[in-house]
Amino acid sequence: MESLEGDNSHSSSSDAGMDLDTARDAEATEAAEERESLDVALEQEPIADEDVAEVNDESNLGLKFPLARVKKIMKADPDLHLASQDAVFLIAKATELFVEVVAESAHHHTMKANRKTISGRDVMSCIELIDALAFLDGALND
């Protein structure tokens, strides 16, 4: 009789092991399905630049910075009393181009250092290396 009880307890621990294996299999299956759904999402066609440009053209004249925010920042200068819409547009466009140059340069510096994340030191290095950005020297120091 004792041997039957022992077999019975062995059977229950075996069932627990099977339940654990079943749970692991279910988790593995769920993780695989999640990876598959991410792969499908990544394979979808990205939004074309033309589509983004069309939306921007209608709402913000092709700019990435909102004109209202640029105008608000410009009005923060006490020396500025009035700013025409053309001036706000040109300041916004010039700012976009400036940020693009600094970002591309910092990205290039980051890639040369075999890193993936742009840091403040990358931006500082760009400022030191590019003569046109010399006016920013010391601007990022705390």
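Where an unreviewed UniProt entry is consulted, the protein appears under the name DNA polymerase epsilon subunit 4, with the organism given as Hyalella azteca. The heading Subcellular location (unreviewed entry) in the UniProt record of the protein holds the text "Nucleus".

A. Fine view of unusual backbone geometry. The backbone phi angle of Asn114 is positive, close to 55°, even though this residue is not glycine. For Asn114, the position within the fold is in the loop between α4 (85-112) and α5 (120-129). Among the residues examined, Asn114 registers a relative accessible area of 74% and is labelled exposed.

B. Fine view of the packing of α4 against α5. The N-to-C vectors of α4 and α5 enclose an angle of 110°; their axes lie 8 Å apart at closest approach. When the axes of α4 and α5 are compared, the pair comes out roughly perpendicular. Of the residues in α5, those touching α4 at Val102, Ser105, Ala106, His109 and Thr110 are Asp122, Val123, Ser125, Cys126 and Leu129.

C. The confidence of the model for the protein, seen in detail. Across the protein, pLDDT averages 74, with 59% of residues at or above 70. Low pLDDT, under 50, characterises residues 1-9; the stretch is placed with zero contacts to residues that sit more than four places away or in other chains. In this model residues 51-58 is a low-confidence stretch, pLDDT under 50, and it forms five contacts with partners more than four residues away in sequence or in other chains.

The rules behind these values
- Numbers given to residues run from 1 along each chain, matching the order in which its sequence is written.
- The model is predicted, so local features are restricted to residues of pLDDT at least 70 and side-chain atom pairs to those at 80 or more, both for listing and for counting; the totals for chains, interfaces and linings are taken over all residues.
- The basis for every side-chain value is the complete set of heavy atoms in the structure, and neither hydrogens nor water enter the calculation.
- UniProt positions are given in the numbering used here, feature names are shortened, and annotations may be inferred rather than shown by experiment.
- To qualify as a helix, a DSSP run of H or I must reach at least 4 residues; to qualify as a strand, a run of E must reach at least 2; elements of each kind are numbered from the N terminus.
- We call a residue buried when its accessible area falls under 20% of the maximum for its residue type, exposed when it is over 50%, and partly exposed in between, using a 1.4 Å probe and counting protein chains only.
- Lines are fitted to the C-alpha atoms to define the axes, a helix being fitted only along its stretch in contact, and any angle between axes, read from their N-to-C directions, falls within 0 to 180 degrees.
- In this scheme, roughly parallel covers angles under 35 degrees and roughly antiparallel covers those over 145, while 65 to 115 is roughly perpendicular and the rest are oblique.
- Throughout, a residue-residue contact means that at least one pair of heavy atoms, one from each residue, lies within 4.5 Å.
- A residue's pLDDT is the predictor's confidence in that residue, given on a scale from 0 to 100.

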